[in-house]
Amino acid sequence: MSKNSQPFTSRRSDIQRIFKCYASKHENLLTASALLRFLQQEQMEVSANRQTAETLIDRYEVDGTARAEKLMTFEGFLRFLESKDCCVFDQSHTVVYQDMSQPLCHYFISSSHNTYLTGDQLVGKSHLDAYVSALRKGCRCLEIDCWDGPDTEPIVYHGYTLTSKILFKDVISTVQEYAFVASPYPIILSLENHCSQRQQEVMAHYLTSILGDMLVDSGLPLDGHGELPSPDDLKYKILIKNKKLSPEPVSGPRGSVAEAEAEPDAEDSGEEEDADDDEEEEVPAKKSKKKKKKKVVVAQAMSDLVIYTKSVKFISFTHSREHQQFYENTSFAEKKAKKLVKNSGAEFVRHNTRFLSRVYPAGSRTLSSNFNPQEFWNAGIQLAALNFQSLGLSMDLNNGRFQDNGGSGYTLKPHFLRSGETGFDPNAFKHNLQPVHLLLKVISAANLPSPRTGKALDPFVRVEIHGAASDCCRRQTDAVKHNALNPMWAVPMNFTIDVPELALIRFSVRDQIGLLNSEHVGQYTLPFTSMKKGFRWVPVLSREGFSLDPASLFIFVWYD
């Protein structure tokens with residue numbers, strides 16, 4: 001960016017107008033007192049004081065003389081408004097700030113499906129780098145599909161397909177190395193376990209020998225009774241999610257076969273049972289007799305490693321309420337979870353105040369596409385497992401949700417999703433909560449990337465609200481012809497958000513290529529609860545989630 005002041009003024013006249021409202025008329029400079037007024041009146045920085053203003057001058061003013069006199073030129077003001085100190089995302093949320101002492105089931109947890117894949121689930125490549133990438137993004141629940149391999153070496157791949165294979169022991173070594181590079185909070189290894197008893201014993205050996213003290217292989221001495229431990233309790237620990245032998249195993253070799261309670265769910269059977277699974281709603285257990293139960297091989301050594309994340313079959317909410325233990329969790333096929341949310345939303349919310357639930361994409365998504373995780377978060381489902389390698393809206397929402405709370409992979413669910421007493425229904429169009437009126441003014445953009453075709457960019461901005469069903473909506477600006485450098489809109493948009501604690505705000509920058517057609521340019525997503533008021537800078541991210549700096553949006557935010 002040029003240092004010449006004239007291009008700044010002509011390109012960012014919107015910021016120049018703000019500057020002039022507070023600057024000294026004769027000297028065209030901001031005093032520390034004037035900057036403080038701007039912070040308090042426009043940015044709603046209620047805790048700001050003169051020291052705050054002087055610190056910002058020292059940090060952003062480029063003119064040495066002005067800086068020494070505690071004055072700010074327009075160039076310094078521009079640098080400030082395009083800095084993280086004026087980012088729309090609350091910078092106090094870039095570190096862990098939420099209560100991390102509540103049971104695991106009280107958090108949304110960043111979760112991956114088919115973590116080993118770098119492409120589709122038919123012929124895609126399995127690679128250790130996929131685990132590295134997910135862990136660096138703060139993912140806390142990884143999936144490992146385990147199958148018998150040659151020479152008694154368990155392998156990982158998408159069974160009955162042409163996806164390539166990697167060794168289970170290499171996956172565990174990779175997890176051990178990268179587990180806590182992005183977050184100190186616990187990891188759940190979700191095992192889709194198809195291995196024989198012998199190879200499960202080999203798996204158990206690798207888990208204990210490679211992970212060592214990281215592995216939770218016995219219960220913790222907790223004060224709480226009958227509830228899951230907290231993220232704080234499990235810092236730098238790894239949990240195994242798998243079937244577990246019942247206390248009194250059936251006859252035969254000790255610990256060789258799990259009893260009926262270990263009947264496989266759809267995913268553990270290779271995801272071919274989606275159609276059958278979808279038929280299982282809230283029905284009496286006797287109606288399920290026609291389904292022949294499979295006995296699942298579970299080696300004692302593997303069973304012993306399952307402590308707080310025992311996989312069980314979902315029968316009904318009534319059955320779970322009466323029989324499910326706090327350390328047991330259930331996995332749901334996408335379609336089944338949708339039906340349960342639609343038909344028994346409030347009951348599902350109550351269920352998830354006590355137990356962990358995981359939703360995974362339908363087996364029919366052979367290209368590894370994703371569902372929208374928001375509808376499952378609305379029901380308090382903690383583990384909405386996505387294909388991290390598949391880019392687009394779903395991963396944008398996931399990244400937006402989990403950039404909160406320091407990118408730790410854990411965000412505390414709203415109070416009405418943690419208490420079974422509120423009766424929150426995700427399907428309702430009216431909620432007994434305090435709504436928020438949001439004003440967003442999309443003022444301008446700067447330095448947007450031009451299309452690779454060389455065509456001039458015709459940009460517009462779409463603002464989307466993703467949250468409770470009653471809140472989902474979008475507004476957009478008109479397109480500005482042939483202007484990627486500094487398109488201006490100054491378009492106000494008004495929203496009423498009934499459930500602000502669940503809402504995500506997504507800024508989507510698009511290129512108008514036809515009357516009804518547009519193409520993705522960049523986007524940025526954040527939780528409403530992390531949004532700062534005032535004149536704010538919005539970064540623009542690529543489809544892969546990387547910064548397109550210096551591309552940015554300039555907006556004004558107000559809400560009551």
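Residues numbered from 1 in each chain as written. Predicted model: local features only at pLDDT ≥ 70, side-chain atom pairs only at ≥ 80, totals over all residues. Heavy atoms only, no water.

With respect to the overall build of the chain
And step 1. Along the chain, the regular secondary structure elements total 15 helices and 22 strands.
And step 2. Expressed as a percentage of its 560 residues, the buried residues of the chain come to 57%.
And step 3. Residue pairs in contact within the chain that sit at least 24 positions apart in sequence constitute 72% of those at least 6 positions apart.
And step 4. A total of about 23,600 Å² of accessible surface is found on the chain, and carbon and sulfur atoms cover 50% of it. (Helix = DSSP H or I, 4+ residues; strand = E, 2+ residues; numbered from the N terminus. Buried < 20%, exposed > 50% of the residue type's maximum accessible area, 1.4 Å probe, protein only. Contact = heavy atoms within 4.5 Å. Areas by Shrake-Rupley, 256 points an atom, 1.4 Å probe, with all protein chains shown as cover.)

Considerations on the environment of Ile210
And step 1. Structurally, Ile210 is set in helix H9 (residues 197-211).
And step 2. Considered as a pair, Ile210 and Ile172 are 38 residues apart in the sequence and their alpha carbons are 7.0 Å apart.
And step 3. Once residues lying within four places of it in the same chain are set aside, the contact partners of Ile210 are Lys169, Ile172, Ser173 and Gln176.

Some remarks on the pairing of strand S5 (residues 141-147)
And step 1. The buried count for S5 comes to seven of seven residues, which makes it a mostly enclosed element.
And step 2. Both faces of S5 are covered, namely the face carrying Cys141, Glu143, Asp145 and Trp147 and the face carrying Leu142, Ile144 and Cys146.
And step 3. Bridge analysis of S5 against strand S8 (residues 187-193) gives six bridges, and the strand direction is parallel. Opposite Cys141, over in S8, you have Ile188 as the bridge partner.
And step 4. As paired elements, S5 and strand S6 (residues 155-156) share two bridges and run antiparallel to each other. (Pairing = 2+ DSSP bridges.)

Comments concerning unusual backbone geometry
Glycine aside, the phi torsion of most residues is negative, and most peptide linkages are trans.
And step 1. Omega for the bond connecting Asp549 with Pro550 falls within 30 degrees of zero, at 15°, which places this linkage in the cis form.
And step 2. Residue position: Pro550 is located in strand S22 (residues 547-559).
And step 3. Phi is positive for Lys70, close to 60°, though the residue is something other than glycine.
And step 4. Looking at where Lys70 falls in the secondary structure, it is placed in the loop between helix H5 (64-68) and strand S2 (71-72).
And step 5. For Lys70, a relative accessible area of 25% translates into the label partly exposed.
And step 6. Phi is positive for Tyr236, which is not a glycine, with a value near 60°.

What about the packing of helix H7 (residues 128-136) against helix H8 (residues 168-178)?
And step 1. One way to put it is that H7 packs onto H8 with a least axis distance of 10 Å and a crossing angle of 25°. By the angle between their directions, the pair H7 and H8 is classed as roughly parallel. Every pair of crossing elements has a handedness; the one defined by H7 and H8 is right-handed. Here H7 contributes Leu128, Tyr131, Val132, Leu135 and Arg136 to the contact with H8, which in turn contributes Asp170, Val171, Thr174, Val175 and Tyr178.
And step 2. Considered class by class, the residues forming the contact of H7 with H8 number seven nonpolar, one polar and two charged. (Axes fitted to C-alpha atoms, helices over the stretch in contact; angles between N-to-C directions. Parallel < 35°, antiparallel > 145°, perpendicular 65-115°, else oblique. Left-handed = near helix turned anticlockwise from the far one by under 90°. Nonpolar A, V, L, I, M, F, W, Y, C, P; charged D, E, K, R; others polar.)

Some words on the pattern of salt bridges
And step 1. Evaluation of the coordinates by the stated rule reveals 18 salt bridges.
And step 2. Put simply, Lys70 and Asp58 hold a salt bridge, and the shortest N to O gap is 2.9 Å. Residue Lys70 is located in the loop between H5 and S2, and its partner Asp58 is located in helix H4 (residues 50-60); the two are separated by 12 residues in the primary sequence.
And step 3. Across the salt bridge formed by Glu347 and Arg321, the nearest N and O atoms sit 2.3 Å from each other. Highlighted residues: Glu347 in helix H13 (residues 334-352) and Arg321 in helix H12 (residues 317-323), separated in sequence by 26 residues.
And step 4. Overlapping salt bridges, with partners in common, bring together Glu334, Lys338, Arg365 and Glu375 in one network. (Salt bridge = Lys/Arg side-chain N within 4 Å of Asp/Glu carboxyl O.)

Describing the confidence of the model for the chain
And step 1. Residue-level pLDDT values for the chain average 90, and 89% of them are 70 or greater.
And step 2. Predicted confidence for residues 1-11 stays below pLDDT 50, and this span has 18 contacts to residues more than four positions away or in other chains. (pLDDT = per-residue confidence, 0-100.)

Some points on the nonpolar core
And step 1. Ranked by size, the top nonpolar core spans 65 residues in total, and within it Ile144, Phe168, Leu189, Leu191, Leu207, Ile238 and Ile240 carry the most contacts.
And step 2. Here this core takes six residues from H9, the largest share from any one element.
And step 3. Ignoring sequence-local partners within four residues, the contact set of Ile238 consists of Val175, Ala179, Phe180, Ile187, Leu189, Leu211, Met214, Leu215 and Val216. (Core = buried A, V, L, I, M, F, W, Y, C linked by side-chain atoms within 4.5 Å.)

Observations concerning the pairing of strand S21 (residues 534-541)
And step 1. By the criterion of burial, S21 is predominantly enclosed, with eight of the eight residues buried.
And step 2. In this structure, S21 lies alongside S22, joined through seven bridges in antiparallel fashion. Considered in S22, the bridge of Trp537 is made with Phe554.
And step 3. The hairpin turn running from S21 into S22, its antiparallel successor, is five residues long, and Gly545 in that turn takes a positive phi close to 95°.

Describing the side chain of Ser444
And step 1. One can find Ser444 in strand S15 (residues 436-446).
And step 2. Here the side chain of Ser444 touches Asp14 through a polar contact of 2.4 Å, side chain to side chain. (Polar contact = N/O pair within 3.5 Å; in protein donor to acceptor, adjacent residues only side chain to side chain.)

Considerations on H4
Every α-helix winds through 3.6 residues per turn, so residues three or four apart in the chain are directed the same way.
And step 1. Taken as a whole, H4 has its buried residues at Ala53, Glu54, Leu56, Ile57 and Tyr60. The buried residues of H4 occupy an angular sector of 155° when the element is viewed end-on, so they sit on one face.
And step 2. At the N-terminal boundary of H4, the capping side chain belongs to Asn49, with an oxygen 3.0 Å from the backbone nitrogen of Gln51. (Arc of directions from axis to C-beta.)

Some remarks on the packing of aromatic side chains
And step 1. In this structure the tally under the stated criterion is 23 aromatic pairs.
And step 2. When the ring of Trp147 is compared with that of Tyr157, the centres are 5.9 Å apart and the planes differ by 55°; the resulting orientation is tilted. Within this pair, whereas Trp147 is found in strand S5, its partner Tyr157 is found in the loop between S6 and strand S7 (166-167), the two being separated by 10 residues in sequence. Of the two residues, Trp147 and Tyr157, both sit in the buried class. (Phe/Tyr/Trp six-rings, centres within 6.5 Å; stacked < 30°, edge-to-face > 60°.)

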